[in-house]
Amino acid sequence: MSTPPLASGPHGPDALRPLLDTVLGALTTGAAARGGPLPVGGPDTVAAHVTDVLGDVLPEHGDPDALRALTHALAAGAADPADPLCAAHLHCPPLAVATAADLAVSALNPSLDSWDQAPAASALEARVTGALAARLGLADAVVTTGGTEANQLALLLAREAHGAHVRLVCSAAAHHSLPRAAWLLGLPDPVVLPAPAGTLDPAALDAALTELTGPLLVAATAGTTDAGLIDPLPEIAARCAAHHVRLHIDAAYGGCLALSDRHRALLTGLDAAQTVALDLHKLGWQPVATGFLAVADADELDALHQRADYLNAGDDTEAGLPDLLGRSTRTTRRPDVLKAAVTLRTLGRSGLADLIDRVLTLAQDLADRVEAHPRLELYDRPTLATVLFRPAHASDDAVAAVRRTLLHEGRAVLGRAHADGRLWLKATLLNPHTGPDDLAHLLKLAEGHTPA
């Protein structure tokens, strides 16, 4: 058997070209076999098909058709976020240009734990993170795998700045990664304030901050997972300032509104935070993962510094080689910043703002249609790209059954959320190519499964 070719080096591109043709062909045939937003038949059917195609995971002799067969199976069994009827989660359809850039990263395989593994990528990351932080009104940023890691880093920096007894204060609508991060870091049990309206109430927060003692970290949200709501950030920031309390804002969902002149005002107060979480694999249309944590005080990142002689020997650092171990809690780390940099340069701020404005307008359009529909009920006007609705007069069990039926039949992917004491269907509209007919079809599917 000959030695398999490599993806990089002088012969790498020539080795990749026929393989890319195979992958692209399998993606096409797989999507055709699926025929909709997700496969028909539910988990057992999909698992059986994958098992059949995979066969022996580690056979004695290799199969040259494995790339085509498994890529076809993956595509045939995918929930495709590019399908307008796949609208359940904050799971965006990635831009083609960003995906192409991601291929370059995979081929070159740099690792951002030392400069000698990623010379150009190191410089690129420093420039891009600085620019994004400035757009948010903060000093610097580091790359993360998403909102969860960014929230964990925010709590870690708060702990290092204020001690191991710093206590998280958040609303019941905050992302689950925040209390989980407090647990992982050994912090005191969080104070979770009720959020009957879906957002953090400044008056309730003020009362809690007046009563609580010791170092505190308030976490607000700019884009809740369930309803896409934005906490009243200026009021929360004012309460935190009055009580001399640290503020973190989880803007993983809504933070990209900073790029839109039309919607940027929704983020007023963001620059008052000490730390801000941001995802570009939501309203930035990047392949997973592309997250950031922005900080108001760049010196706080010194808490992440580590010394490993084989990566950042002191004399190398003194000689001018960038010391990258303080830019993450991870060691091996791919330059996910390339796809973001390519997208920002290719589309520009106005191009990305146009995509953001489009999907937020789509959400308003869908809400209008639900309000006008005699057999559907709207939870509230959307703030971002998330719309909650339900069949009118249906029980929660019936609403849940509508969603599962559509999933099992492979016809549509809708999410679910509890609000106002009831279960709602959730449409998260992150596909800028979605049109009016798609919205009408989505509602027809949901309404068509409504019990008479």
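Above: the structure in question.
Criteria and cut-off values
Residues numbered from 1 in each chain as written. Predicted model: local features only at pLDDT ≥ 70, side-chain atom pairs only at ≥ 80, totals over all residues. Heavy atoms only, no water. Helix = DSSP H or I, 4+ residues; strand = E, 2+ residues; numbered from the N terminus. Rg over C-alpha atoms; globule rule 2.2 N^0.38 Å. Buried < 20%, exposed > 50% of the residue type's maximum accessible area, 1.4 Å probe, protein only. Contact = heavy atoms within 4.5 Å. Areas by Shrake-Rupley, 256 points an atom, 1.4 Å probe, with all protein chains shown as cover. Lys, Arg positive; Asp, Glu negative; His and termini not counted. Charge placed at Lys NZ, Arg CZ, Asp CG, Glu CD. Pairing = 2+ DSSP bridges. Axes fitted to C-alpha atoms, helices over the stretch in contact; angles between N-to-C directions. Phe/Tyr/Trp six-rings, centres within 6.5 Å; stacked < 30°, edge-to-face > 60°. Lys NZ or Arg CZ within 6 Å of the ring centre and 35° of its normal. Expected span 1.5 Å × (residues − 1). Parallel < 35°, antiparallel > 145°, perpendicular 65-115°, else oblique. Nonpolar A, V, L, I, M, F, W, Y, C, P; charged D, E, K, R; others polar. Bend = angle between axes of the 7 residues up to and from the residue. Polar contact = N/O pair within 3.5 Å; in protein donor to acceptor, adjacent residues only side chain to side chain.

Draft legend 1. Region of the structure containing the overall build of the protein. Along the backbone of the protein there are 14 helices and 11 strands. The C-alpha atoms of the protein give 24 Å as radius of gyration, which agrees with the globular expectation for 452 residues (22 Å, within 12%). Seen along its three principal axes, the alpha-carbon backbone of the protein occupies a region of about 65 × 60 × 40 Å. Across the 452 residues in the protein, those meeting the buried criterion constitute 49%. Of all intrachain contacts in the protein linking residues separated by at least 6 positions in sequence, the fraction that spans at least 24 positions is 71%. Counting only carbon and sulfur atoms, one obtains 56% of the accessible surface of the protein, whose full area is about 20900 Å². Taking the average place of the 33 positive charges on the side chains of the protein and the average place of its 52 negative ones, the gap between the two points comes to 5 Å.

Draft legend 2. Main features of the sheet that holds strand 11 (residues 422–428). One open sheet accounts for four strands, arranged 8-9-11-10; its pairing is antiparallel. Edge strands, defined here as strands with exactly one partner in the open sheet, are strand 8 (376–378) and strand 10 (415–419). Taking the axes of each pair of neighbouring strands and ignoring which way they run, one obtains an average angle of 45 degrees across the sheet. Strand direction decides the pairing type here: strand 9 (residues 386–391) and strand 11, joined by four bridges, are antiparallel. The residue of strand 11 that forms the bridge with valine 387 is alanine 427.

Draft legend 3. Quick look at the packing of aromatic side chains. By the definition in use, this model includes one aromatic pair. Geometrically, the ring pair formed by tyrosine 379 and tryptophan 424 is edge-to-face, given 5.4 Å between the ring centres and 65 degrees between the ring planes. Residue tyrosine 379 is located in the loop between strand 8 and strand 9, and its partner tryptophan 424 is located in strand 11; the two are separated by 45 residues in the primary sequence. For tyrosine 379, a relative accessible area of 23% puts it in the partly exposed group. A relative accessible area of 1% means that tryptophan 424 is categorised as buried. The ring centre of tryptophan 424 lies 5.5 Å from the NZ or CZ of arginine 390, which sits over that ring.

Draft legend 4. Seen up close, helix 13 (residues 396–409). A rise of 1.5 Å per residue sets the reference length of helix 13, with its 14 residues, at 20 Å; its end C-alpha atoms lie 20 Å apart and thus fit the reference within 8%. Taken together, the buried positions of helix 13 are occupied by Ala398, Val399, Ala400, Val402, Arg403 and Leu406. Contact partners of the buried residues in helix 13: strand 9, strand 10, strand 11 and helix 14 (436–448).

Draft legend 5. Fine view of the packing of helix 2 (residues 42–54) against helix 3 (residues 66–76). One can describe the packing of helix 2 onto helix 3 by two numbers: an axis separation of 10 Å at closest approach and a directional angle of 175 degrees. In terms of orientation, helix 2 lies roughly antiparallel with respect to helix 3. On helix 3, the residues touching His49, Val53 and Leu54 of helix 2 are Ala69, Leu70 and Ala73. Along the lines of polarity and charge, the residues of the contact of helix 2 with helix 3 split into five nonpolar, one polar and no charged.

Draft legend 6. Summary view of helix 1 (residues 12–34). Compared with the 33 Å implied by 1.5 Å per residue over 23 residues, the 32 Å span of helix 1 between its first and last C-alpha is a close match. Helix geometry: helix 1 is bent most strongly at proline 18, by close to 25 degrees. Buried within helix 1 are the following residues: Gly12, Ala15, Leu16, Ala26, Gly30 and Arg34. Buried residues in helix 1 make contact with helix 3 and helix 4 (96–108). Of the residues flanking the end of helix 1, it is glycine 35, one or two places downstream, whose phi is positive at about 75 degrees.

Draft legend 7. Summary view of the sheet that holds strand 4 (residues 216–221). Judged by pairing direction, the sheet is mixed, and its seven strands sit side by side in the order 1-7-6-5-4-2-3 without closing on themselves. Each having just a single partner strand, strand 1 (140–144) and strand 3 (191–193) make up the two edges of the open sheet. On average, each strand axis in the sheet is tilted by 20 degrees relative to the strand beside it, whichever way the strands run. In this structure, strand 2 (residues 167–171) lies alongside strand 4, joined through four bridges in parallel fashion. Considered in strand 4, the bridge of arginine 167 is made with leucine 216.

Draft legend 8. Fine view of the side chain of aspartate 279. Of note, aspartate 279 is situated in strand 6 (residues 275–279). In terms of polar contacts, aspartate 279 uses its side chain to reach the backbone amide nitrogen of glycine 147, at 3.0 Å. Side-chain polar atoms of aspartate 279 contact the side chain of histidine 281, separated by 3.1 Å. Not counting residues up to four positions away in its chain, the partners in contact with aspartate 279 are Gly146, Gly147, Ala251, Ala252, Cys256, Thr290 and Gly291.

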